[in-house]
Amino acid sequence: MRMLRPSWQAVAALVCCLVAFALPGMSTLELEARANPAAVIDYPFMGTGGLVVGLLVLGALASMIRLSVWGEAVILLFAAHFAAWLLLTGIMGYEGSALAPFFLLIAAGWLLVWRLVVVLSGIRTTNRSLEWTLRLVIPAIFGAWLLIIWEAATRGFGIPFILLPPPSSIGVRIASSLPVLAADVRQTIFKSVLIGYVLGCGAGFAVAILADRVDFLRRGLLPIGNMVSALPIIGVAPIMVMWFGFDWHSKAAVVVIMTFFPMLVNTVTGLAASGAMERDLMRTYASSYWQTLFKLRLPAAAPFIFNALKINSTLALIGAIVAEFFGTPVVGMGFRISTEVGRMNIDMVWAEIAVAAIAGSVFYGVVALIERAATFWHPSVRGG
Amino acid sequence: MMSFRDKIWPVSAILLVLLVIWYAGAILMNAPFQRDLNRRGDVDVTFSQFVGQTLSQQKPTLPAPHQVAKNVFENTFLRKVTSNRSLVYHSWVTLSSTVLGFAFGTALGVLIAVGIVHIKALERSLMPWIIASQTIPILAIAPMIIVVLAAVNVTGIIPKAMISTYLSFFPVAVGMVKGLRSPELTHLDLMHTYNASKAQTFWKLRVPASVPFLFASMKVAVAASLVGAIVGELPTGAVAGIGSKLLAGAYYSQTIDIWAALVAGSVVAALLVTIVDLTGRLVERAMGARPA
Amino acid sequence: MTSKRSDVISARKLGLTFQTNDGPVQALSDVDLTIGKGEFVSFIGPSGCGKTTFLRVIADLEKPTSGTISVNGMTPEEARQKRAYGYVFQAAALYPWRTIERNVALPLEIMGHSRSEQRERVNRTLELVNLTGFEKKFPWQLSGGMQQRASIARALAFDADLLLMDEPFGALDEIVRDHLNEQLLKLWARTDKTICFVTHSIPEAVYLSTRIVVMSPRPGRVTDVIESSLPRERPLDIRESPEFLAIAHRVREGLRAGHSYED
């Protein structure tokens, strides 16, 4: 037994494989072909069924041999993903014909990946670049299997295309409609979102500085700002569309209103964040208001301001897209989503959502990177 | 924390100024249309009459506060709550799906957070996605969920509640993970010296420590839930709810109705956030926390 | 009695009452004190005796409610406007986003010194506190003792003749503290500054000072002023001499007398 290192995931995967092997066929078509040997019926996994089972069984068994962690990881990675690839390419063209063995084999692959993630999560390392690679690889595997299971379920069960298209066809759709998507991004992100974001954050910041100088204003604006942050501001979209027309101006106006209050509240809070001792120090230097502001209070407020910038990056995108539901020229991400939903072109909707997700992450990521560079001194950043 | 007395005067003063600006804005923004109307009708009016006209249009560019207030009052108190024009009815439709979705989302978020804190593989693989998903405009999926579910004959409260669920799930999960991890090392070490089981550490240390975090994120979540429900009502073909009131108002240029719906939405939001806030305070006080 | 030209600080009948939610608190009452140029005066007493408050009054961080005080013959506010003193706080209070060099240059920037002069003064003061070679480090990359030395350098950078120090070594461990005390004495000897030093450590007060002001709380007042008979040149082991112990004893007695009516 010293040679073995059993894991419940691998054992469960073996059980799945055995049950799948014992059952008569991978698809309804295969059963049909077996029943009428004379008829010529194409069915999925003609030659590959055995290969898939073999891969998974071998992978599961090999993973339990006491190898190095990396050996086990490579075996699991290869077995699970090669099997998954065979299964997904095999079912293509035979949607909806899959039977229990198909799903059992997918489940077996998923169990092996679970084992893989457990193994990778257990790796302790002091090597920083390796640590970072693992931090990226583990969620990447998880994300990939989310897509694999989605693909397998939609194709295996033959879920109607308009309900939930498989990820592969969404990918194809993205690739084939790049010009349309690019035009939508240009309209929504580069006009509505960015202009509105800059104006909204700038206005919020300016009013915060004003409120900082006038204490009466600060005491009045802070509670109002806090309350407004909880309100469904997005509802002003139809009004803005009436005032500023269908083009990007009305969307930018919605974004301005949505981003203004978080910036105001966070900046005011941040300006109060510098320590009493540091402020006394500036006083002993007989420092002027603006000197204290620029040399002490704004740098100390930077983490709060960046927090608002990050919150606002998401809010701005939501504001612009939802505002487009209330009317746009014939371009824009929100416009595309609402019209393609109406036409039941669900794959195009998903393509647009994928683009929105990427745009949102990139926007947020850029702000976060600038934050890391600007507030390198803050414990939350320098602590790693 | 500022005392109530410190806030009340500045807040009232600023609200008063906003009201004045609103009236001035209403007069200015409605003036061009009114002037046009009067010229075409060949009506000569004094300045004060003209101002009165700008503040009492049927479909003003910017309705005056008293017009909105009158609309809200009539549609809240003077109509039967079953009427299609009653704001209470529409608010109730939105509120019910918000609360249902919020309850599910909170429960789901807490469950996932407990899993993430206890299972390393789950933390490493799932947590980055939950954090990343906060950076993307998930609200964009809302219309698709509504329409797709309608295609398989799932309509009414469930699709909207689903949108609210996933919008409230993320903040709760993130806040709860933070909360469950918030106990200091010394407190954890103390439990360790007692040889406490994982479950004991969880119930006696982690859960109490997480309560403030839970309620803070629930406040964010309930506001997000409401936005989700409202946006979820946009593509349903405008049947009922605050979102459909907004859309109908936009469609027929009934500006006063839009503003009234906005007021209703704000009242519902304030109500929900206040309830969550008060519940949080009560729970924390019952647990012996220092009043903030 | 009028203050002489060489008096750096002169307080007469100085009083300060804070209005708190629990009623008025007398932080200082009837403080009469004169500090001459080049003196090293320590203020010692239990918490709440007003020693820090007195220092903050000198620095114009608090306003007295009665009596008068002059700093360099001016009101504290005028003295602050003229940048008459450097203040060292309990914590180093260095700005984490500035390097050590730029932290020390901070008062110079505010006071409008030229770039070249800033560089020259920063180098000089960093050398004075033995921090040469750490110019480009950030505060959080340095030990607590080094951070406090940098904050002293910052207070020295603009060449004020008066140095106000509020328990500057209170948060440091004994070994580092001894070392910094020794260095502070050397610095004082080299620069001939007037130093007001708040502490709650008897050995520290006796070791450093030419004069020790013993204070007691409720109301905060001066109960004893002890002239030190120790020589200006003080090696660390002077703390075991009978003379040192005698002064320490007198300080302890003074503290006890001011404290007798409670506990």
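Residues numbered from 1 in each chain as written. Chains lettered and ligands numbered in written order. Predicted model: local features only at pLDDT ≥ 70, side-chain atom pairs only at ≥ 80, totals over all residues.

It is worth spelling out the overall build of chain B at this point. Looking only at helices and strands, chain B has eleven helices and zero strands in total. Starting at the N terminus, the α and β elements of chain B follow one another as α-α-α-α-α-α-α-α-α-α-α. For chain B, whose C-alpha radius of gyration is 25 Å, the value lies well above the compact-globule estimate of 19 Å for 292 residues. When the backbone C-alpha atoms are referred to their principal axes, chain B occupies close to 90 × 55 × 35 Å. (Helix = DSSP H or I, 4+ residues; strand = E, 2+ residues; numbered from the N terminus. Rg over C-alpha atoms; globule rule 2.2 N^0.38 Å.)

So, about the interface of chain C and chain A. Each partner contributes to the interface: chain C provides 18 residues, whereas chain A provides 16 residues. When residues of the side of chain C that touches chain A are traced back to their parent elements, those giving at least two are helix H2 (76-81) and helix H3 (100-110) of chain C. Ranked by residue count, the leading element in the side of chain C that touches chain A is H3(C), at three residues. Residue composition of the side of chain C that touches chain A, by class: 15 nonpolar, one polar and two charged. (Contact = placed C-beta atoms within 7 Å. Nonpolar A, V, L, I, M, F, W, Y, C, P; charged D, E, K, R; others polar.)

Attention now goes to the environment of Leu163(C). All names here are of chain C. Its place among the elements puts Leu163 in strand S6 (residues 162-166). Residues Leu163 and Ile152, eleven residues apart in the sequence, show an inter-C-alpha distance of 9.1 Å. Apart from the residues within four sequence positions on either side, Leu163 is in contact with Tyr85, Gly86, Ala155, Lys193 and Ile195.

With that settled, consider the arrangement of the chains. Ranking by contact count across two pairs of chains in contact places chains A and B at the top. For chain B and chain C, which are not in contact, the least C-alpha distance works out to 14 Å.

For the rest of this paragraph, the subject is the interface of chain A and chain B. The partner chain B presents 48 residues to the 46 residues of chain A that form the contact. Sorting the residues of the side of chain A that touches chain B by element identifies helix H5 (100-121), helix H6 (128-157), helix H9 (215-228), helix H10 (237-244), helix H13 (289-324), helix H14 (333-342) and helix H15 (346-374) of chain A as the ones contributing at least two each. Per element, the largest residue contribution to the side of chain A that touches chain B is eight residues, and it comes from H15(A). Across the side of chain A that touches chain B, the residue classes break down as 37 nonpolar, eight polar and one charged.

What follows concerns the nonpolar core. The biggest cluster of nonpolar side chains holds 250 residues, and the ones touching the most others in it are Leu56(A), Leu105(A), Leu112(A), Val254(A), Leu164(C) and Cys196(C). If near-sequence neighbours (up to four positions away) are discounted, Leu105(A) is found in contact with Cys16(A), Cys17(A), Ala20(A), Val52(A), Val53(A), Leu56(A), Ala83(A) and Leu87(A). (Core = buried A, V, L, I, M, F, W, Y, C linked by C-beta atoms within 7 Å. Buried ≥ 20, exposed ≤ 12 C-beta atoms within 10 Å, placed from the backbone.)

Below, the discussion takes up the environment of Gly36(C). Residues and elements named next belong to chain C. Here Gly36 is to be found in strand S2 (residues 23-36). Gly36 gets classed as partly exposed once you count the C-beta atoms within 10 Å, which come to 15. Separated by 27 residues in the primary sequence, Gly36 and Ile9 have C-alpha atoms spaced 6.9 Å apart.

A few words now on the sheet that holds S2(C). Residue and element names in this part refer to chain C. One open sheet accounts for three strands, arranged S2-S1-S4; its pairing is antiparallel. On the outer flanks of this sheet lie S2 and strand S4 (66-71), each paired with one strand and no other. Adjacent strand axes in the sheet meet at a mean angle of 20°, parallel and antiparallel pairs treated alike. In this sheet, S2 lies alongside strand S1 (residues 7-20) in antiparallel orientation, the contact comprising ten bridges. Its bridge partner being in S2, Gln19 is matched across the sheet by Pro24. (Pairing = 2+ DSSP bridges. Axes fitted to C-alpha atoms, helices over the stretch in contact; angles between N-to-C directions.)

Attention now moves to the packing of helix H7 (residues 157-180) of chain B against helix H9 (residues 198-232) of chain B. Residue and element names in this part refer to chain B. Interhelical geometry of H7 versus H9 gives an angle of 155° and a closest axis separation of 7 Å. Classified by the interaxial angle, the pair formed by H7 and H9 is roughly antiparallel. With respect to the hand of their crossing, H7 and H9 are arranged in right-handed fashion. A class-by-class count of the residues in the contact of H7 with H9 yields 19 nonpolar, nine polar and three charged. (Parallel < 35°, antiparallel > 145°, perpendicular 65-115°, else oblique. Left-handed = near helix turned anticlockwise from the far one by under 90°.)

Time to look at helix H5 (residues 144-156) of chain C. Residues and elements named next belong to chain C. Between its first and last C-alpha atoms H5 spans 19 Å; for 13 residues at 1.5 Å apiece the expected length is 18 Å, and the two agree. Among the 13 residues in H5, eleven count as buried, and that is most of the element. Residues Met146, Gln147, Gln148, Arg149, Ala150, Ser151, Ile152, Ala153, Arg154, Ala155 and Leu156 constitute the buried set of H5. Its buried side turned inward, H5 meets strand S5 (85-88), H3, helix H4 (115-128), S6 and helix H6 (174-191). (Expected span 1.5 Å × (residues − 1).)

Our next topic: H9(B). For H9(B), spanning 35 residues, the distance from its first C-alpha to its last is only 41 Å, which falls clearly below the expected 51 Å at 1.5 Å a residue. For H9(B), the principal kink sits at Val211(B) and spans about 40°; a proline, Pro212(B), occurs within the next four residues. (Bend = angle between axes of the 7 residues up to and from the residue.)

When cut into domains, chain B gives domain 1 (4-62) and domain 2 (87-286). The C-alpha-based centres of domain 1 of chain B and domain 2 of chain B are spaced at 38 Å. (Domains from an automatic or database assignment.)

To describe two helices that pack against each other, one gives the angle between their axes and the distance between the axes. All names here are of chain A. Packing of helix H8 (residues 178-213) against H9 leaves a shortest axis separation of 5 Å and a crossing angle of 130°. Compared by their axis directions, H8 and H9 come out oblique. Packed against H8, whose contacting residues are Leu210, Ala211 and Asp212, the element H9 presents Leu217, Arg218 and Leu221 at the interface. Looking at the contact of H8 with H9 residue by residue, the class counts come to four nonpolar, no polar and two charged.

Moving on, we get to the sheet that holds S5(C). Residue and element names in this part refer to chain C. Reading across the sheet, the six strands line up as S5-S6-S7-S3-S8-S9 and stay open at both edges, with mixed pairing between neighbours. The sheet terminates laterally at S5 and strand S9 (221-227), the two strands that pair on one side only. The average undirected angle you get between the axes of adjacent strands in this sheet is 15°. Here strand S3 (residues 40-44) runs beside strand S7 (residues 194-199); their pairing, made up of five bridges, is parallel.

Let's shift gears to the environment of Thr186(B). Residue position: Thr186(B) is located in helix H8 (residues 185-193). On a C-alpha basis, the gap between Thr186(B) and Phe50(B) in space is 73 Å, while along the polypeptide they are 136 residues apart.

One can read the domain layout of chain A as domain 1 (8-159) and domain 2 (174-382). Computed from C-alpha coordinates alone, the two centres of domain 1 of chain A and domain 2 of chain A are separated by 43 Å.

Overall, the predicted model of chain B reaches an average pLDDT of 84, with 97% of residues at or above 70. Mean pLDDT across the elements of chain B bottoms out in helix H2 (residues 47-54) of chain B (78) and peaks in helix H4 (residues 87-118) of chain B (91). (pLDDT = per-residue confidence, 0-100.)

Attention shifts here to unusual backbone geometry. Geometrically, the link from Arg218(C) to Pro219(C) is a cis peptide bond, its omega value of -10° lying close to zero. Of note in the backbone geometry, Ala286(A) takes a positive phi value of approximately 50° without being a glycine. Turning to its location among the elements, Ala286(A) is positioned in the loop between helix H12 (276-284) and H13. In this model, Ala93(C) sits at a positive phi of 50°, which is unusual for a non-glycine residue. In this structure, Ala93(C) sits in the loop between S5 and H3. Assessed through the 21 C-beta atoms surrounding it within 10 Å, Ala93(C) is described here as buried.

Okay, the pairing of S1(C) next. Residues and elements named next belong to chain C. From the end of S1 to the start of S2, which pair antiparallel, there are two residues. Note that S1 and S4 share five bridges and pair antiparallel. Its bridge partner lying in S4, Ser10 is registered against Ser70.

Time to look at the pairing of S5(C). Residue and element names in this part refer to chain C. Side chains Tyr85 and Tyr87 project from S5 onto one buried face, and the interleaved Gly86 and Val88 project onto a second face that is buried too. Relative to S6, S5 runs parallel, the two sharing four bridges. Paired with Tyr85 across the bridge in S6 is Leu162.

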